[in-house]
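Okay, here's what each chain looks like letter by letter:
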Amino acid sequence: MPSHSAVTKLKAILIIDLIMVAAAAGTYLYLQNQGLVATAAKPAEFRVTDLIITPSEAEEAEPILITANITNIGDLEGTYDANLTINNVLTQNQTVVVPGNNTSTIVEFTVIEETIGDYAVELGGLTGSFKIKAAPPTASNIHLSNPLVTPY
């Protein structure tokens, strides 16, 4: 069985070790917070926001503009595949390169639908919709022949 003085010395060494580890960890966290300690760069990570569909109601064969904001919240540059899905069918895609450090870019798609109806849009986890309505009838062509004007 160890002596009482040996146990006391062991406890003192343990307390000193804990104080040293706590001081080292605190110093490291402080220096890291100040930007004085280099950490590994965070890989590219993307967030898709602000899905906009313009106009939300259009006539047959009228173009629809669909835009979204792609933000890279990582530290490193990366590529993002923007896949536009309409009525659960992949219709268009774009690959965009986005620099790191919360840099954003806007991705744009132009869609032309010729079938009347409602359309569901999905892009990067965001959803929206637009409607195609029938075009108004065109004006008839009026032809005049042998016009009579009075007085002569």
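Data block above holds the structure.
As the structure is a computational prediction, the values presented were derived from the model and not from experiment.

Each value, and the rule that gives it
- Residues numbered from 1 in each chain as written.
- Predicted model: local features only at pLDDT ≥ 70, side-chain atom pairs only at ≥ 80, totals over all residues.
- Heavy atoms only, no water.
- Helix = DSSP H or I, 4+ residues; strand = E, 2+ residues; numbered from the N terminus.
- Rg over C-alpha atoms; globule rule 2.2 N^0.38 Å.
- Buried < 20%, exposed > 50% of the residue type's maximum accessible area, 1.4 Å probe, protein only.
- Contact = heavy atoms within 4.5 Å.
- Areas by Shrake-Rupley, 256 points an atom, 1.4 Å probe, with all protein chains shown as cover.
- Lys, Arg positive; Asp, Glu negative; His and termini not counted.
- Charge placed at Lys NZ, Arg CZ, Asp CG, Glu CD.
- Salt bridge = Lys/Arg side-chain N within 4 Å of Asp/Glu carboxyl O.

Focus on the overall build of the chain
Next, step 1: On a plain count of helices and strands, the chain comes out with one helix and eight strands.
Next, step 2: Counting from the amino terminus, the chain carries its helices and strands in the arrangement α-β-β-β-β-β-β-β-β.
Next, step 3: Taken over the C-alpha trace, the chain has a radius of gyration of 34 Å; the compact-globule value for 152 residues is 15 Å, which it surpasses by more than 25%.
Next, step 4: Across its three principal directions, the C-alpha atoms of the chain cover 135 × 35 × 25 Å.
Next, step 5: In the chain, buried positions account for 20% of the 152 residues.
Next, step 6: Restricting to contacts in the chain with at least 6 residues of sequence separation, those with at least 24 account for 60%.
Next, step 7: If you sum the accessible surface of the chain, you get close to 11000 Å²; carbon and sulfur atoms cover 58% of it.
Next, step 8: For the chain, the distance from the average position of its 6 positive side-chain charges to the average position of its 15 negative side-chain charges is 24 Å.

Let's talk about the side chain of Glu113
Next, step 1: Note on placement: Glu113 falls in the loop between strand S6 (103–112) and strand S7 (117–123).
Next, step 2: It is Lys131 that comes nearest to the buried, bridge-free Glu113 among opposite-charge side chains, at 15 Å.
Next, step 3: If we ignore the near neighbours within four places in the chain, the residues touching Glu113 are Glu60, Ala61, Ile86, Tyr119, Phe130 and Ile132.

Things to note about unusual backbone geometry
Next, step 1: With an omega dihedral of -10°, the bond running from Thr54 to Pro55 counts as a cis peptide bond.
Next, step 2: Mapped onto the fold, Pro55 is located in the loop between strand S1 (46–54) and strand S2 (57–59).
Next, step 3: The backbone of Asn88 sits at a positive phi, close to 65°, despite the residue not being glycine.
Next, step 4: Mapped onto the fold, Asn88 is located in the loop between strand S4 (78–86) and strand S5 (89–98).
Next, step 5: The class for Asn88 is exposed, based on a relative accessible area of 75%.

Overview of the pattern of salt bridges
Next, step 1: Going through the model one piece at a time under the given rule, you end up with one salt bridge.
Next, step 2: In this structure, the salt-bridge partner of Lys133 is Glu57, at a minimum N-O distance of 3.5 Å. With Lys133 in strand S8 (residues 126–133) and Glu57 in strand S2, this residue pair connects regions lying 76 residues apart in the sequence.
Next, step 3: Relative accessible area serves as the criterion here: at 34%, Lys133 is assigned to the partly exposed category.

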